[in-house]
Amino acid sequence: MKTSMRKAYAKVTLLLTIALIALLIANNLIYYFISKDKLERQEVDNLKSQAQAINNILEHSREGAAYVERLVGEKLRADALAIRSRLDPDIRGVTNEELDALARELAIDAVTLLIREGDAFVLARSSKREEIGLSTKNWGLWNKAFLELYEKKNVSAIEWGDSLDHYWTGPYSVSDTNAEEFFKYGYYYDGTTNYIINPFVSNASIRQYEQSVGIASIIASITASDPSILEIAGFNPSAFGREKVVAKNSSGQTYTPRYYAPVFFGTNAYARDELDKREIRRAIETKAITSYKADVNGRTILKTFIPVFTDKINELGLVTDNSVRELEQNLNYYVIGIAIDYRDIQDRLNGILLEMGMIILLVTVICMALLLLLNHYFGRSKDQTAIDAQTTYVDEMNLLFNNIREQRHDFVNHINTIHALAQVQKYDELRAYTQEVVGEIHDINQMLNIGNPPLAALIQSKLVQAQRKEIRFTYAFSNMSAFPEGVRSVDFVRMLGNLIDNAFDEVAKVEPERRTVELTGAIEAGRLRFVVRNAGSIDAAVMDRMFEAGVTSKPEGRNSGLGLPITLAIVKRYKGTIKVENDDGVTFTIEIPVAS
């Protein structure tokens, strides 16, 4: 009786042990694959966040390039005013040689004069001789802009290019005589001449910007810092996947206008045309980030598409005589595509899942050991003890199942913790970098709140210098959303830049805790007023002669002593005053009379 009871008990124990082990293994396998799927989704979400951060950087770079182009356009207007003051108002009294001299003097590529003939214009005089005789009849939107400028002296009907008083400039455009050259053209007409003045420069300034801090430079930096990013491209949804558009310039040379380029910037070597086309369309239609995974060029890639909506991509303007295309004056969206090597993602997932599997295996071994110990203990008990233990054994098994369920419940927390630690280990560099971009944007947004782009750009650059030199630089402006009419922003950027640079140099001489520079600006009671204050003092010997060329308090060889003389010349040009106070720090106060 006792022997058969022991055998029955052992059989039941063995069956329960096998069932429990099978249940535990099945439970762990289910959670393994659920966790793998969850980790893959989290990795994709992280990549989308990374792509969005890259998009923010690229957008600021694109806006910076557009700002540089606007500055070039403003400079061309100033050149046009100088040209108007030097030339005979009648085209018959102007020679090409005069235009040659003016182009050299103003440091621009060329000057052309346009006269009206019917509903078009002819290039009548030019320092670029091959342009003489060309007609604007087939220039599409450009010719429309010229007509409006000539008749109304302002361009307003065409939402393309940039329009100022008596002036209009289009985007960088292909040359009429060489399809390989691109120029920034400005057009000025105020009715005092019988011709439109057209100064223009090459796109060298934009190329220089691109080489230093432009989109191409940023993409190269991003791909170099993160080898998993294979390439980045800016897609044109209106042209990608469609027949290539070819236009002709006035000399009959063919080219593809930038407006119709399928890829605006970057490269698209890892391409699956149909998938790319589908996801680009989805990204624009849903206004959401989309992605796909595919094998391309011997790699498994994850390609993510981020739609970008902006006010106007003006630099992608169109030059064509096709009336249908002329309706597309502006493009206000594009898509950033980022191709990432999925092998790196899989390697990270495998590492995380290996760690998780080791924990699951350890827990399983512990549970099996506990069951074997229980079986061994009850097997060696006396018959009566075994009989008495049957009731408690069931309770122990229930408790064990509860423990397993608790462990099962905690697996998710374990997995999430492991994943978070893995993220910290693998993405330290990325996270630190992302924190820096958020900080530049926050800083750029603060700069944009000034409301005046030239001032914003100046303050941004000086804040960076101040931080590098351990200087506390503060600023405050009121009523400065735009410079008053007749005041050139470039003059005041030079003027304030000189004063701030001098202030930085002076506070560098004092203790770090006293290195403070303050800038305030306001337009009040018909006067434009700027005040720059800094700690330190000016030597009395320098004070009396500080506005003379060559006089400086800095060590020999560090400065030419031209900053303050230049500032004084600008102030006098605007019939303003500059005052210097040397008590308890140095204060420069500039006041310029302006129209209300």
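Residues numbered from 1 in each chain as written. Predicted model: local features only at pLDDT ≥ 70, side-chain atom pairs only at ≥ 80, totals over all residues. Heavy atoms only, no water.

Colleague: Quick question: what am I supposed to make of the confidence of the model for the protein chain here?
Modeller: Low pLDDT means the predicted atomic positions in that stretch should not be read closely. Here the protein chain shows a mean pLDDT of 76. Residues at 70 or above account for 69%. In the model, residues 314-329 has pLDDT below 50 throughout and makes 47 contacts with residues more than four positions away in sequence or in other chains. Overall, residues 382-404 carries pLDDT values under 50, and its contacts beyond four positions in sequence, including any with other chains, amount to 19 contacts. (pLDDT = per-residue confidence, 0-100. Contact = heavy atoms within 4.5 Å.)

Colleague: Teacher, can you tell me more about a nonpolar patch on the surface here?
Modeller: Nonpolar side chains collect at one region of the surface, where Leu362, Ile366, Leu370 and Leu373 lie side by side and expose about 390 Å² of accessible area between them. Here Ile366 lies in helix α7 (residues 342-379). Residue Ile366 is classed as partly exposed on the basis of its relative accessible area, which comes to 44%. (Patch = residues over 30% accessible without salt bridge, like charges linked within 9 Å, V, L, I, M, F, W, Y side chains within 5 Å. Areas by Shrake-Rupley, 256 points an atom, 1.4 Å probe, with all protein chains shown as cover. Salt bridge = Lys/Arg side-chain N within 4 Å of Asp/Glu carboxyl O. Helix = DSSP H or I, 4+ residues; strand = E, 2+ residues; numbered from the N terminus. Buried < 20%, exposed > 50% of the residue type's maximum accessible area, 1.4 Å probe, protein only.)

Colleague: Help me out: how do you make sense of the nonpolar core in this one?
Modeller: Counting 39 residues, the largest nonpolar core has Phe473, Phe492, Val517, Leu519, Leu528, Phe588 and Ile592 as the members making the most contacts within it. Every element with two or more residues in this core is listed here: α9 (453-468), α10 (489-507), β16 (516-524), β17 (527-534), α12 (563-573), β18 (577-581) and β19 (586-593). A per-element tally of this core places α10 first, with 8 residues. Among the nonpolar cores identified, the runner-up in size contains 23 residues, and Leu123, Leu141, Trp160 and Tyr185 belong to it. (Core = buried A, V, L, I, M, F, W, Y, C linked by side-chain atoms within 4.5 Å.)

Colleague: Would you mind showing me how to read the pairing of strand β1 (residues 110-117) here?
Modeller: Two faces belong to every sheet, and in a regular strand the side chains alternate between them. Pairing analysis gives 5 bridges linking β1 to strand β7 (residues 196-202), with the strands arranged antiparallel. Note that in β7 the partner of Ala110 across the bridge is Phe200. In this structure, β1 lies alongside strand β2 (residues 120-126), joined through 6 bridges in antiparallel fashion. Among the inter-strand pairings, Glu117 is bridged to a residue of β2, identified as Ala120. Between β1 and β2, which follow one another and run antiparallel, lie 2 residues, and Gly118 among them has a positive phi close to 70°. (Pairing = 2+ DSSP bridges.)

Colleague: Mind showing me how you'd approach the packing of aromatic side chains here?
Modeller: Taken as a whole and judged by the stated rule, the model has 20 aromatic pairs. With a centroid separation of 6.0 Å and 55° between ring planes, the pair formed by Phe183 and Tyr185 is classed as tilted. With respect to burial, Phe183 and Tyr185 carry one shared label: buried. When the ring of Phe265 is compared with that of Tyr334, the centres are 6.0 Å apart and the planes differ by 80°; the resulting orientation is edge-to-face. Taken together, the positions of Phe265 in strand β11 (residues 263-266) and Tyr334 in strand β14 (residues 333-341) put the pair 69 residues apart, joining distant regions of the chain. (Phe/Tyr/Trp six-rings, centres within 6.5 Å; stacked < 30°, edge-to-face > 60°.)

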